[in-house]
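# Architecture at a glance
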Amino acid sequence: MAERAGAEAGAEAVPGERENGDGGGASAAVVSLGDGWESDDGAGRRPEDEAGRGVVVAFGQTMKTLRVREGLEREEFGRRLGYSASTIASFEQGRRIPTPRTIERADEVLGAGGLLCLWKEQVERAQYPVRFRGMAGLEKECIELLMYDALIVNGLLQTEDYMRALLGMRRPPLTQETIDQRVTARLARQDIFDRQPAPLLGFVMTEAVLRQRYGGAGVLRGQLEHLLLLGQKRNVEIQVMPLNCEENAGVNGPFTVVTRKDGKKFVYSEAHATSTLEADTEHTVLAAARYGIIRSQALRPRESAQFIERLLGEL
C-alpha cells in the first residue's frame, strides 16, 4: 500500500514511494535535487514543474497590479522592501522567487490586507520541483534530521557565499537568475534552525569537505566560522570524520535520515543528477543504524569544534 510522505504532516506526496508488508523490496522514487526547476543541463523540465512556475508568475502579476494601484514606481517600491528596481521586476515577471518575509513586507507596503500573504505557501512550494516537495515538506515537519556528507558542506549549513561558489562552478554554467533562485530556495530551508519546537539536527562530514577551498580561502573561512556558530545551538551536533580515521561506515556515500512526527523514517540520498527518497522500513532502520556507527567513529562535537578552529588557524 502506498505511504505518503506528507500525509499527516501536510507535505506534498512523495511519488512512487512504496512500503511492502514484509519490510523489504521497496522501490525508491527518483526525485530532483530541489535547487531549481531544471536539471543542470536544462533538460528534463516537467509539466508539473511548469505549473509551479505558473504560480510564481501569477503571484508576480498580482504584486505588480497592487503596486500600480498604489501608484508606486518599481524604484520606490524596491526601496521600501530593500531591493533594487531590477529585482522587483524579476519578482513581478516570475523570474525570481521572493522569500516569505519579502511577501509579508510587500503585503504591508501595498496595503494588500493579507492578499499577497495568501500566496506564501504556494510560492514557497513552487521553488522546488514537484518531485522534491515531499522531501522539502519532511524538512519542515521533521523532529530529527541526521546527515552524513563526504563531498560538500550540507546545504542546510552553507553560507550564501559558499552556495554561490558551488553553483558558479556548475557545468554547463547556470544563468545568474537560476543561481539566485537556487540560493533563495536553499536559504529558505535554513529556517529549520529557528523553528519551534526545535528539531534535532545531526551533521557528520569528512575532513576533506572542510579543507576544500571552493570559492577561495575567504569563502572557506566564512563557512568554517558559520559551522562553529551553528554548532553552539543546543539542538545541533556537528561532527568531523578525520582523514586519519581508519574506519568509516559511510563509505557508500552521503545520505540523510529523516524522522517524521509520527515516528516514520525516510532515507534521502543523492547521486549524479538524481536523488532518491526511500520509505522501506528495512532500509530506513539500517540507514539509521549506519549513521549511529558513523557518529561513533567521528570526533565528538566538542572535539570537532576544536578541529574546525585549528583549520581556521591554518587559513
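Residues numbered from 1 in each chain as written. Predicted model: local features only at pLDDT ≥ 70, side-chain atom pairs only at ≥ 80, totals over all residues. Heavy atoms only, no water.

### Quick look at the overall build of the protein
What counts, and what does not: Helix and strand definitions follow DSSP, with helices as H or I runs of at least four residues and strands as E runs of at least two, each counted in order from the N terminus. Burial classes: relative accessible area under 20% of the type maximum marks a residue as buried, over 50% as exposed, and values in between as partly exposed (1.4 Å probe, protein chains only). Any two residues having at least one pair of non-hydrogen atoms within 4.5 Å are treated as being in contact. For every accessible area listed, the method is Shrake-Rupley and the probe measures 1.4 Å; residues are considered covered only by the protein chains on display.
Scanning the protein from N- to C-terminus turns up 12 helices and 7 strands. Evaluated residue by residue, the protein yields a buried proportion of 47% over its 315 residues. A separation of at least 24 residues holds for 70% of the contacts in the protein among residues at least 6 apart in sequence. Of the roughly 15200 Å² of accessible surface on the protein, 50% is carried by carbon and sulfur atoms.

### As for the pattern of salt bridges
The condition that has to hold: In the sections that follow, a salt bridge refers to a side-chain nitrogen of Lys or Arg positioned within 4 Å of a carboxyl oxygen of Asp or Glu.
Under the counting rule described, the total for this entry stands at 19 salt bridges. One salt bridge in this structure joins E92 and R74, with 2.9 Å as the shortest N-O distance. You can see E92 sitting in helix α3 (residues 85-92) and its partner R74 sitting in helix α2 (residues 74-81), a full 18 residues away along the chain. Salt-bridge contacts for R260 lead to D262; the nearest nitrogen and oxygen are separated by 2.9 Å. Residue class for D262 comes out partly exposed when judged on its relative accessible area of 41%. One continuous salt-bridge network, built from bridges that share partners, spans R67, R74 and E92.

### Quick look at the side chain of Q239
Our working rule: Whenever two N or O atoms come within 3.5 Å, that pair is a polar contact, provided that in protein one can donate a hydrogen and the other can accept it, and provided that, for residues adjacent in sequence, both atoms are side-chain atoms.
Relative to the elements of secondary structure, Q239 occurs in strand β4 (residues 236-241). Of note is the side chain of Q239, whose polar atom sits 3.1 Å from the backbone oxygen of R295. If sequence neighbours within four positions are ignored, Q239 has contacts with F203, V204, M205, R295, A298, L299, R300, P301 and S304.

### A word on the side chain of S90
With respect to the secondary-structure elements, S90 resides in helix α3. Residue classification places S90 among the buried residues on the basis of a relative accessible area of 11%. When sequence neighbours within four positions are dropped, the list of residues in contact with S90 reads R95 and R96.

### Remarks on the nonpolar core
How we decide: Nonpolar cores were defined as sets of buried Ala, Val, Leu, Ile, Met, Phe, Trp, Tyr and Cys residues, with membership established by side-chain atoms within 4.5 Å.
L157, F193, F203 and L227 are the most contacted members of the largest nonpolar core, which has 36 residues in total. A per-element tally of this core places helix α10 (residues 217-230) first, with 6 residues. Aside from chain neighbours lying at most four places away, what touches F193 is L156, L157, L201, F203, L230, K233 and V236. In terms of nonpolar packing, the next biggest core, distinct from the first, is built from 20 residues, F59, L72, I88 and A112 among them.

### Focus: α3
For α3, the buried fraction is high: 6 of the 8 residues fall into the buried class. Burial in α3 covers these residues: T87, I88, A89, S90, F91 and E92. Backbone geometry just downstream of α3 places G94 in the positive-phi region, at approximately 75 degrees.

### Points about the environment of R182
Of note, R182 is situated in helix α8 (residues 176-189). In sequence terms R182 and Y128 are 54 residues apart; their C-alpha atoms lie 9.0 Å from each other.

### Focus on the confidence of the model for the protein
Stated precisely, the cut-off is as follows: By definition, pLDDT measures how confident the predictor is in each residue, and it falls between 0 and 100.
The pLDDT averaged across the protein works out to 84; a share of 82% of its residues lies at or above 70. Low pLDDT, under 50, characterises residues 1-48; the stretch is placed with 110 contacts to residues that sit more than four places away or in other chains.

### Details of unusual backbone geometry
With omega at 0 degrees, the peptide bond leading from R171 into P172 counts as cis. Summarising the element assignment, P172 is placed in the loop between α7 (160-168) and α8. The omega torsion of the bond from Q196 to P197 falls at -5 degrees, within 30 degrees of zero and hence cis. With respect to the helices and strands, the residue P197 is situated in the loop between α8 and β3 (200-206).

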